[in-house]
Amino acid sequence: MQGIKLIGAYLGYHPDGPMIDVAARFAHQHSQIILNHDWGSPERILGLCREYPDATFVQGHSTFAYANVSRQVPNLFICTCPFQ
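Residues numbered from 1 in each chain as written. Predicted model: local features only at pLDDT ≥ 70, side-chain atom pairs only at ≥ 80, totals over all residues. Heavy atoms only, no water.

**Q** Help me understand the packing of helix α2 (residues 18-29) against helix α3 (residues 42-51) in this model?
**A** For any two helices packed against each other, the geometry comes down to the angle between their axes and how far apart the axes lie. Packing of α2 against α3 leaves a shortest axis separation of 10 Å and a crossing angle of 35 degrees. In this structure, α2 meets α3 at a crossing whose hand is right-handed. Here Ile20, Asp21 and Ala24 of α2 come into contact with α3, specifically with Arg44, Leu48 and Glu51. Among the residues making up the contact of α2 with α3, the classes are represented as three nonpolar, no polar and three charged. (Axes fitted to C-alpha atoms, helices over the stretch in contact; angles between N-to-C directions. Helix = DSSP H or I, 4+ residues; strand = E, 2+ residues; numbered from the N terminus. Left-handed = near helix turned anticlockwise from the far one by under 90°. Contact = heavy atoms within 4.5 Å. Nonpolar A, V, L, I, M, F, W, Y, C, P; charged D, E, K, R; others polar.)

Right under this line is the structure:
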């Protein structure tokens, strides 16, 4: 399995930054998974999922922030591992 893992928060990179789109586009073009721990607002991840439908987006760690989005698109998954 091949994919992309982003942790922009560790590097101080904002989830709305243009390089997120570059990574998402690459994942879409290669039908890969792309995991991030912060996709920004629900509107942001919804837009990415719709723009890049062949990418599989994964939200690292449990959150309810994107629950409604995950019901709207088939390519967003939310990790269910709890915080420790």
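**Q** Just to check I follow, could you spell out the sheet that holds strand β3 (residues 56-59) for this structure?
**A** Consider a sheet: its strands pair through backbone hydrogen bonds, and that pairing is either parallel or antiparallel. Across the sheet, four strands lie side by side as β1-β2-β3-β4; this open sheet has parallel pairing. Edge positions in the open sheet fall to β1 (3-6) and β4 (76-78), since each of these has one partner strand only. On average, each strand axis in the sheet is tilted by 20 degrees relative to the strand beside it, whichever way the strands run. With four bridges connecting them, strand β2 (residues 33-36) and β3 associate as parallel partners. Bridge assignment links Leu35 to a residue of β3, and that residue is Val58. Together, β1, β2 and β3 form the strand contacts of α2, whose direction differs from that of β1 by roughly 160 degrees. (Pairing = 2+ DSSP bridges.)

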